[in-house]
Amino acid sequence: MDPQRICFVSSEIVPFAKTGGLADVSGALGKYLDKNGVDVRLFMPFYDTIDPAGQDVHVVDFIQNVPIEFGGFTLHFTALTTTLPDSGASVYFIHCDGLYNRGTIYTNDGDEYLRYALLNYATLECCQRMGWQPDIFHCNDWQTGLLPFLLKTRYNWDGLFNNSKTILTIHNIGYQGVFGSEVVEKLRLDEYRHLLPQEDIQSGMINYMKIGLLNCDVITTVSETYAEEIKTEEFGAGMEGILRMRSDRLVGIVNGVDYSEWSPESDPFIPYSFSADDLSGKEKNKEELLKRMGLSYHPDIPVYGIVSRLTGQKGFELLHETLFDILANYEVRFVILGSGEEKYASFFHKAQHHFPSKLCFYDGYSVELSHLIEAGSDCFVMPSRYEPCGLNQIYSLKYGTVPIVRKTGGLADTVQFYEWETQNGTGFVFDDFSAQGLRWAFNYSYETYQNKDAWRKLMLNGMAQNFSWDVQIEKYLMLYRGLSGK
Ligand code: ADP
Ligand code: GLC
């Protein structure tokens, strides 16, 4: 039977480039779609920071120096290709001199609009040159929002794409790719200006996410609760009207986890493996983690871990109001790994300065440490203001690290409130985005930790959860089938 052909476009894909969960999800989807017999081809920029992860990357000889005409200038791109590790899926990198060699994935440079526009144009140009007819273009976040629009406009002459459908997955509606409307001319889209959202054009703007949401066939997002939340003013970031209007086209699918990367039984980054049947390695990892972070270990003192991008989304304001008090009054350890906005980093530095024996902050990005924190902590703290899905709380469950989360988005869908009376549930879930809420959840965790039997049961409840892509991939396959009729 003719396999589904899925063209998957993303700005970051594990193991090549990652700033957050989008990369994990893109890499895992590629791998699991391939495993399910889908002809999936992934497209992303060839950043100079790309880690080829031991894969052989080579130029596609018939896609070299391809010119694309923009408004008054031409860009040339070359496609490079490799396969996704542990998979047969092909990855295509878009190489363009001058655009992706910035030493970082995203930038605040004046041509950010062009860096991601090119990804959309070049993906279509590659399909044309390969004579490859995707059943579905699966786009991800604002960086790929233009693609459904390009198919309806600049590339609508090409019969190759006549039957292609489009999906836009929202991983985070907080980032929309908003630029000045002069970009329309620069992208050589002036003749289609009337098809763009007029309210934006009139106020001198263009919004890639909005264009994608209005022009794709199906919108998905990464949890069921977030799919509901983004239809409201509080969470919709201005897109709620469109999402309500298109709600029959909006689906929430909770992210899966690639347990071949994130399992305490087989994780190569942690010194001691462990499992639900034998938890002894977990305690040793805790000891090791604290040693690495320069903190003293005691079996009765709980360790609270954080691994995060440091941005407003993650709710660290709540820690501003609670952390110092907790550190002053409780025997605890905090191990924090994060990179991002300076104001959050300086807060954690300050906390470390005041409580050097209780808190250690690693300001940066470290895959190895992120795994060790998952393995060696007792609790994982994620008080997000909003969270489309969140992966770290799901990893935590698998590592017997009990999540403390705010009840929002994917956190609400993946962590069940722990009930002391029944000992059912998997974590400490608080409702309101308030310091009192977080404080209550912390107290609850601290008290529960004092009862070793209850704690063990709670850990095992979490470890028994299954968010494998083996399960979640079915939902994408069904969606693809429904859309392409194949
Ligand atoms: P988001 O995509 O909003 O950042 P997720 O929970 O979906 O949140 O995914 C975050 C991913 O990025 C996880 O795989 C996490 O381990 C990783 N991560 C975040 N910050 C760091 C960091 N400083 N060092 C290493 N990994 C990090
Ligand atoms: C985004 C979201 C996060 C989600 C990830 C992958 O970065 O912030 O909640 O898990 O995308 O979908």
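Just so it is clear, the structure is predicted and the values come from calculations on it, not from any experiment.

(A) Layout of the nonpolar core. In terms of nonpolar packing, the biggest core is built from 155 residues, with F77, L118, L187, Y208, L213 and F334 touching the most fellow members. Mapping this core onto the domain boundaries places at least three of its residues in each of domain 1 (5-256 + 470-484) and domain 2 (280-466). Listed in part, the 18 residues of the second largest apolar core include L290, M293, I373 and V415.

(B) Main features of the layout of surface pockets. Size it by volume and the second largest pocket reaches roughly 250 Å³. Counting residues per element, the ones that place at least two in the lining of the second largest pocket are α10 (280-292) and α17 (452-463). Ranked by residue count, the leading element in the lining of the second largest pocket is α17, at four residues. When the residues that make up the lining of the second largest pocket are grouped by side-chain class, the tally is five nonpolar, no polar and five charged.

(C) View of unusual backbone geometry. Across the junction of V14 and P15, the peptide omega takes the value 10°, indicating a cis bond. Mapped onto the fold, P15 is located in the loop between β1 (5-9) and α1 (21-35). Backbone geometry places Q423, a non-glycine residue, at a positive phi of 60°. With respect to the element layout, Q423 can be found in the loop between α15 (409-414) and β18 (428-430).

(D) Main features of α1. For α1, spanning 15 residues, the distance from its first C-alpha to its last is 21 Å, which sits close to the expected 21 Å at 1.5 Å a residue. With twelve of 15 residues buried, α1 lies mostly within the body of the structure. Along α1, the residues that are buried comprise L22, A23, D24, V25, S26, G27, A28, L29, G30, K31, Y32 and L33. Remark: G37 follows α1 within two positions and exhibits a positive phi of approximately 80°.

(E) Structural detail: the site of ligand 1. Of all residues adjacent to ligand 1, which total 22 residues, the nearest are K18, G21, R309, K314 and L391. Interatomic distance of 3.2 Å between a side-chain N/O atom of D24 and an oxygen atom of ligand 1. Between L391 and ligand 1, the recorded distance is 2.8 Å, taken from a backbone N or O atom to an oxygen atom. Of the residues that constitute the shell around ligand 1, the class distribution is six nonpolar, eleven polar and five charged.

(F) Representation of the site of ligand 2. Around ligand 2, the structure places 13 residues, and the nearest of them are H171, N255, Q313, E387 and G390. Take Q313: an N or O atom from its side chain is 2.9 Å from an oxygen atom of ligand 2. A distance of 2.8 Å separates an oxygen atom of ligand 2 from a polar backbone atom of G390. Protein contacts shield 94% of the accessible area of ligand 2, which totals 310 Å² for the unbound molecule. Of the residues assigned to the shell around ligand 2, the class counts are five nonpolar, six polar and two charged. Counting contributing residues, the shell around ligand 2 receives three or more from each of domain 1 (5-256 + 470-484) and domain 2 (280-466).

(G) Quick look at α10. In this model α10 runs 19 Å from its N-terminal to its C-terminal C-alpha over 13 residues, within 8% of the 18 Å that 1.5 Å per residue would give. Residues of α10 that are buried: G281, K282, N285, K286, E288, L289 and L290. In this structure, the buried residues of α10 make contact with β13 (303-310), β14 (333-340), α13 (367-376), α16 (435-450) and α17. Of the residues trailing α10, G294 is marked for its positive phi of about 75°.

(H) Seen up close, the environment of S339. With respect to the element layout, S339 can be found in strand β14. Leaving out residues up to four positions away in the same chain, S339 has contacts with S308, R309, L310, D363, G364 and Y365.

(I) Seen up close, the environment of C379. Along the chain, the position of C379 falls in strand β16 (residues 379-382). Distance in space between the C-alpha atoms of C379 and V402 is 4.5 Å, their sequence separation being 23 residues.

(J) Seen up close, the pairing of strand β15 (residues 359-363). The pairing of β14 with β15 spans five bridges and is classified as parallel. In the sheet register, V335 faces β15, and the bridge partner there is C360. Following the chain from β14 across helix α12 (residues 342-354) to the adjacent parallel β15, one finds a crossover that is right-handed.

(K) Here's a closer look at the domain arrangement of the chain. By the assigned domains, the chain splits into domain 1 (5-256 + 470-484) and domain 2 (280-466). For domain 1 and domain 2, the distance between their C-alpha centres works out to 33 Å. In this assembly, 20 residues from domain 1 lie in contact with 19 residues from domain 2. Put simply, domain 1 and domain 2 have zero salt bridges between them. Here domain 1 is connected to domain 2 by ten residue pairs in polar contact (both at pLDDT 80 or more). Sorting the residues of the side of domain 1 that touches domain 2 by element identifies α1 and α7 (224-229) as the ones contributing at least two each. Looking at the side of domain 1 that touches domain 2, the element that brings in the most residues is α7, giving four residues.

(L) Seen up close, the side chain of T82. Take T82: it is sitting in strand β5 (residues 74-83). Here the side chain of T82 touches D56 through a polar contact of 2.9 Å, landing on its backbone oxygen. Among residues more than four places away in sequence, those in contact with T82 are F16, Q55, D56, V57, A89, S90, V91 and F93.

(M) Highlighting the packing of aromatic side chains. In this structure the tally under the stated criterion is 39 aromatic pairs. On the numbers, 6.3 Å between centres and 65° between planes, the contact of Y113 with F179 is edge-to-face. Linking Y113 in helix α2 (residues 112-130) with F179 in strand β9 (residues 178-180), this pair joins segments that are 66 residues apart in sequence. By relative accessible area, Y113 is classed as buried at 6%. In this structure F179 comes out as buried when scored by relative accessible area, which is 17%. An aromatic cluster is present here, built from F316, F324, Y344, F347, F348, F355 and F361 joined pairwise through their rings. Here the guanidinium or amino end of K398 rests over the ring plane of Y259, the centre of that ring lying 4.7 Å away.

Procedures and definitions
Residues numbered from 1 in each chain as written. Chains lettered and ligands numbered in written order. Predicted model: local features only at pLDDT ≥ 70, side-chain atom pairs only at ≥ 80, totals over all residues. Heavy atoms only, no water. Core = buried A, V, L, I, M, F, W, Y, C linked by side-chain atoms within 4.5 Å. Buried < 20%, exposed > 50% of the residue type's maximum accessible area, 1.4 Å probe, protein only. Domains from an automatic or database assignment. 1 Å grid on protein atoms, 1.4 Å probe; cavity = no way out; pocket = protein on both sides within 12 Å on 5 of 7 lines; lining within 4 Å. Points joined across faces, edges and corners; volume = space filled by probe spheres on them. Helix = DSSP H or I, 4+ residues; strand = E, 2+ residues; numbered from the N terminus. Nonpolar A, V, L, I, M, F, W, Y, C, P; charged D, E, K, R; others polar. Expected span 1.5 Å × (residues − 1). Near = heavy atom within 4 Å. Polar contact = N/O pair within 3.5 Å; in protein donor to acceptor, adjacent residues only side chain to side chain. Areas by Shrake-Rupley, 256 points an atom, 1.4 Å probe, with all protein chains shown as cover. Contact = heavy atoms within 4.5 Å. Pairing = 2+ DSSP bridges. Right-handed = clockwise from strand over helix to strand, strands pointing away. Salt bridge = Lys/Arg side-chain N within 4 Å of Asp/Glu carboxyl O. Phe/Tyr/Trp six-rings, centres within 6.5 Å; stacked < 30°, edge-to-face > 60°. Lys NZ or Arg CZ within 6 Å of the ring centre and 35° of its normal.

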